[in-house]
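Tertiary structure, described
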Amino acid sequence: MNTGLVSVILPAFNEEDCILRTIDDVARALGGANVPYEIIVVDDGSTDRTVELAQQRQVRVVRHRRNLGVGAARKSGIAEAHGEVVITTDVDGTYPNDQIPRLLEHYYQNRCDMVIGARIGKNVVYEWPHRAFPKWVIRKLASYLCQNPIPDLNSGLRVIRRDLAFRYFYLLPDSHSWESTITLAFLCNKHVVDFLPIDYYKRQGGTSSFAPIRDTYNYISLVIRTIMYFNPLRVFIPLSFFVMLGGGLKMVYDWIVYRFIGSLDVIIFLSGILVILVGLLADLIVVVGRRIGMSRT
């Protein structure tokens, strides 16, 4: 495979059980495919032997003095990368890192901007319902809002064009929502994003920092915020429709039952019209902002 230097980002927080295995798996996969690479381990405030063990291999180590979140670790790794293409994966043994060359080859052959390993392969260890169901709801919401089918919104294994990732750094959070946000940003801005099926295994080390209530709330708010930034009418039009529908139904009910249309009926209906007007204004701001950004570049 003829490629330039690729940079592999490995965020690690207390992953002493898996760090060496992951580094060796990545090196073996890319070395076997004759891909020039560098591996950057981003220690996110670990308190175990993660850094000590990582330094036994030929990798670069970037350290956070305290735990900032997996999104912050990915951003730090991308900022330190030398390659024009970056690959992100996790250190906990859940992703099939031997599939990295396949994703990378697809990236180059199809001139993609991002290739995501979608966890829909034949061998997938499914999550507990308290984690899987909220993610399914959020994925369906995101697919509707960005008008693209999304088989996996927050997979950690992906190949990304580095300069485009930098373009959206201001949007990308420090938390688990990093993956979903960059996916939506690329899709909403019409970048070429492909999904390839991969397997997903049981976690081999460390402990997951996913908090169902907190992170589900963050996922939903970030999905809506990201879509609002790129395509606000996808939020405002349905909201306006339901408000006006509610007002219209109340008008019909009040007229049939009381032969009277009250001021509240009119206020609800007019609120729906105001919502769509605000949506149109937001969409105008987005369009003007994009043209200003294009003119500056």
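Described in the following lines is the structure provided in the data block. (Residues numbered from 1 in each chain as written. Predicted model: local features only at pLDDT ≥ 70, side-chain atom pairs only at ≥ 80, totals over all residues. Heavy atoms only, no water.)

Turning our attention to the overall build of the chain. Tallying secondary structure elements over the chain gives 10 helices and 7 strands in all. Counting the 297 residues in the chain, one finds 48% classified as buried. Taking the intrachain contacts of the chain between residues at least 6 apart in sequence as the baseline, contacts between residues at least 24 apart amount to 76%. (Helix = DSSP H or I, 4+ residues; strand = E, 2+ residues; numbered from the N terminus. Buried < 20%, exposed > 50% of the residue type's maximum accessible area, 1.4 Å probe, protein only. Contact = heavy atoms within 4.5 Å.)

Here we come to the environment of Val85. Position of Val85 relative to the elements: it lies in strand S4 (residues 85-88). For the pair formed by Val85 and Asp113, sequence separation is 28 residues and the distance between their alpha carbons is 9.3 Å. For Val85, the residues in contact, after removing those within four places along its chain, are Leu5, Val6, Ser7, Leu104, Tyr107, Tyr108, Val159 and Ile160.

With that settled, the discussion passes to the packing of aromatic side chains. Counted by the stated rule, this structure contains 6 aromatic pairs. Residues Phe166 and Phe169 carry aromatic rings whose centres are separated by 4.8 Å and whose planes lie at 45° to one another, so their mutual orientation is tilted. We classify Phe166 as partly exposed; its relative accessible area is 34%. Between Tyr253 and Tyr258, the aromatic rings sit 6.4 Å apart at their centres with planes inclined by 80°, giving edge-to-face as the arrangement. (Phe/Tyr/Trp six-rings, centres within 6.5 Å; stacked < 30°, edge-to-face > 60°.)

Structurally, Asn154 is set in the loop between helix H5 (129-146) and strand S6 (158-161). Within the local environment of Asn154, its side chain forms a polar contact with the side chain of Arg119, the two groups lying 3.2 Å apart. (Polar contact = N/O pair within 3.5 Å; in protein donor to acceptor, adjacent residues only side chain to side chain.)

The next thing to look at is helix H1 (residues 19-32). In this model H1 runs 20 Å from its N-terminal to its C-terminal C-alpha over 14 residues, within 8% of the 20 Å that 1.5 Å per residue would give. Ile19, Leu20, Thr22, Ile23, Val26, Ala29 and Leu30 are the residues of H1 that are buried. On its buried face, H1 is in contact with strand S1 (6-12), strand S2 (37-44), helix H2 (50-54) and helix H4 (100-109). (Expected span 1.5 Å × (residues − 1).)

With respect to topology, 7 strands assemble into an open sheet ordered S3-S2-S1-S4-S6-S5-S7, the strand pairing being mixed. Each edge of the sheet is formed by a strand with only one pairing partner; in this case those strands are strand S3 (60-64) and strand S7 (193-197). The mean angle between the axes of side-by-side strands here comes to 25°, regardless of whether they run parallel or antiparallel. Against the sheet, H4 touches S1, S4, strand S5 (114-118), S6 and S7, its axis set at about 145° to S5. On top of the sheet, helix H7 (residues 178-188) reaches S5, S6 and S7; it is set at about 50° to S6, its chief contact. (Pairing = 2+ DSSP bridges. Axes fitted to C-alpha atoms, helices over the stretch in contact; angles between N-to-C directions.)

Its location among the elements puts Thr88 in strand S4. Here Thr88 falls in the buried class, since its relative accessible area comes to 0%. At 2.9 Å, the side chain of Thr88 and the backbone oxygen of Gly156 are in polar contact. Beyond its immediate stretch of four places on either side in the chain, Thr88 contacts Ile9, Arg74, Gly156, Leu157, Arg158 and Ile160.

With that settled, the discussion passes to the nonpolar core. One finds Ile150, Ile160, Leu184, Phe186 and Val223 to be the most contacted residues of the largest nonpolar core, which totals 36 residues. Of all the secondary-structure elements, those providing two or more residues to this core are S2, helix H3 (70-80), S5, H5, helix H6 (162-167), H7, S7 and helix H8 (212-230). If you tally residues by element for this core, the top one is H7, at 7 residues. With near-sequence residues (within four places) excluded, Phe186 lies in contact with Asp113, Met114, Ile160, Leu164, Ala165, Tyr168, His191 and Val193. Residues Val6, Val41, Tyr95 and Leu104 belong to the second largest nonpolar core, which totals 33 residues. (Core = buried A, V, L, I, M, F, W, Y, C linked by side-chain atoms within 4.5 Å.)

This next bit is on the pattern of salt bridges. Scanning the entire structure with this criterion turns up 14 salt bridges. Two residues, Arg28 and Asp25, come together in a salt bridge whose shortest N-O distance is 3.0 Å. Residue Arg28 and its partner Asp25 are located together in helix H1, separated by 3 residues, close to a single helical turn. Two residues, Glu80 and Arg60, come together in a salt bridge whose shortest N-O distance is 3.4 Å. (Salt bridge = Lys/Arg side-chain N within 4 Å of Asp/Glu carboxyl O.)

With that out of the way, let us pick up the environment of Ile78. Looking at where Ile78 falls in the secondary structure, it is placed in helix H3. Residue classification places Ile78 among the buried positions, given a relative accessible area of 0%. Expressed as a C-alpha distance, the spacing of Ile78 and Ile160, which sit 82 residues apart in the sequence, is 9.8 Å. For Ile78, the residues in contact, after removing those within four places along its chain, are Ile9, Val86, Arg162, Ala165, Phe166, Phe169 and Trp178.

When you line up the elements, Thr3 lands in the segment before S1. Residues Thr3 and Val35, 32 residues apart in the sequence, show an inter-C-alpha distance of 6.5 Å. Excluding anything up to four places from it in sequence, Thr3 contacts Val35, Pro36 and Tyr108.

So far we have only geometry, and geometry alone does not tell us how the molecule works.
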